[in-house]
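# Descriptive analysis of the structure
Spelled out, the chains give:
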Amino acid sequence: MTTPTFSVLHIDEDLLLVDKPARLPTHAPEVSRPGFVELLQQVHGPLGVHQRLDAESSGVMVFSRSERGARCLARQFEEHSVRKFNRTQHLRQPALSTHPQTFEDVLDAASPERLARS
């Protein structure tokens, strides 16, 4: 089995940033089917995993490569100082007209003020 190559966006002694493709689970769903982390570790050695993306999602993931990198990333995730951005692509129009029509409607529907009124 050949190891696929992934787009490495940054690598140094402490961190590895890689673009995870869609349709690949972050972790192995079974021993015979490696996930993104297991495939990366075949090339880059042991990695600290501080987040995950769903199998169907693509995006940049950051891994620690050292104790110092692990401490820094863990602290940033614990303090919520990491900025995460999600972008959704809809391939078809929702079937029901009661669904939010714009991204702003979705944000409004999920706002803390609106949820408190529910």
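Since the structure is predicted, the reported quantities are computational estimates derived from the model, not experimental observations.

Attention now moves to the packing of aromatic side chains. For the structure shown, the criterion picks out two aromatic pairs. Each ring, one from Phe-6 and one from Phe-36, has its centre 4.9 Å from the other, and the planes form 80 degrees; the classification is edge-to-face. Placement of the pair is Phe-6 in the segment before strand 1 (7–11) and Phe-36 in helix 1 (residues 36–44), with a sequence separation of 30 residues. Like Phe-6, the residue Phe-36 is buried in the burial classification. When the centroid spacing of 6.2 Å and the interplanar angle of 50 degrees are considered together, the rings of Phe-36 and Phe-63 count as tilted. A residue pair is termed long-range when its members are at least 10 positions apart, and Phe-36 in helix 1 and Phe-63 in strand 4 (residues 59–64) qualify at 27 residues. What makes Phe-36 buried here is its relative accessible area of 0%. What makes Phe-63 buried here is its relative accessible area of 0%. Counting every residue linked through ring pairs, the aromatic cluster contains Phe-6, Phe-36 and Phe-63.

Counting buried residues along strand 4, five of its six residues qualify, which places the element largely inside the surrounding structure. Of the strand pairs in this sheet, strand 2 (residues 15–20) and strand 4 are connected by six bridges, and their pairing is antiparallel. Bridge pairing in strand 4 places Leu-16 opposite Phe-63. In the sheet, strand 3 (residues 48–49) pairs with strand 4 via two bridges, with the strands oriented antiparallel. Paired with Val-49 across the strands is Phe-63, a residue of strand 4.

Read across the open sheet, the four strands follow the order 1-2-4-3; overall the sheet is antiparallel. Because the sheet does not close on itself, it has two edges, and the strands there are strand 1 and strand 3. Relative to strand 2, strand 1 runs antiparallel, the two being bridged by four bridges. Looking at the pairing, Ser-7 lines up with Asp-19 of strand 2. Strands strand 1, strand 2, strand 3 and strand 4 of the sheet are contacted by helix 1, whose axis makes an angle of about 130 degrees with strand 2.

Attention now goes to the nonpolar core. Core analysis: the biggest nonpolar cluster contains twelve residues, these being Phe-6, Leu-16, Val-18, Leu-24, Phe-36, Val-37, Leu-39, Leu-40, Leu-47, Leu-53, Met-61 and Phe-63. For this core, the secondary structure elements donating two or more residues are strand 2, helix 1 and strand 4. Residue contributions to this core peak at four residues, all from helix 1. Excluding residues that lie within four positions of it along the chain, Phe-6 makes contacts with Val-18, Asp-19, Pro-21, Leu-24, Phe-36, Leu-39 and Leu-40.

Before going further, it helps to spend a moment on the side chain of Ser-64. You can see Ser-64 is positioned in strand 4. Polar side-chain contacts of Ser-64 include one of 2.9 Å to the side chain of His-50.

Quick notes on the rules
- Residues numbered from 1 in each chain as written.
- Predicted model: local features only at pLDDT ≥ 70, side-chain atom pairs only at ≥ 80, totals over all residues.
- Heavy atoms only, no water.
- Phe/Tyr/Trp six-rings, centres within 6.5 Å; stacked < 30°, edge-to-face > 60°.
- Helix = DSSP H or I, 4+ residues; strand = E, 2+ residues; numbered from the N terminus.
- Buried < 20%, exposed > 50% of the residue type's maximum accessible area, 1.4 Å probe, protein only.
- Pairing = 2+ DSSP bridges.
- Contact = heavy atoms within 4.5 Å.
- Axes fitted to C-alpha atoms, helices over the stretch in contact; angles between N-to-C directions.
- Core = buried A, V, L, I, M, F, W, Y, C linked by side-chain atoms within 4.5 Å.
- Polar contact = N/O pair within 3.5 Å; in protein donor to acceptor, adjacent residues only side chain to side chain.

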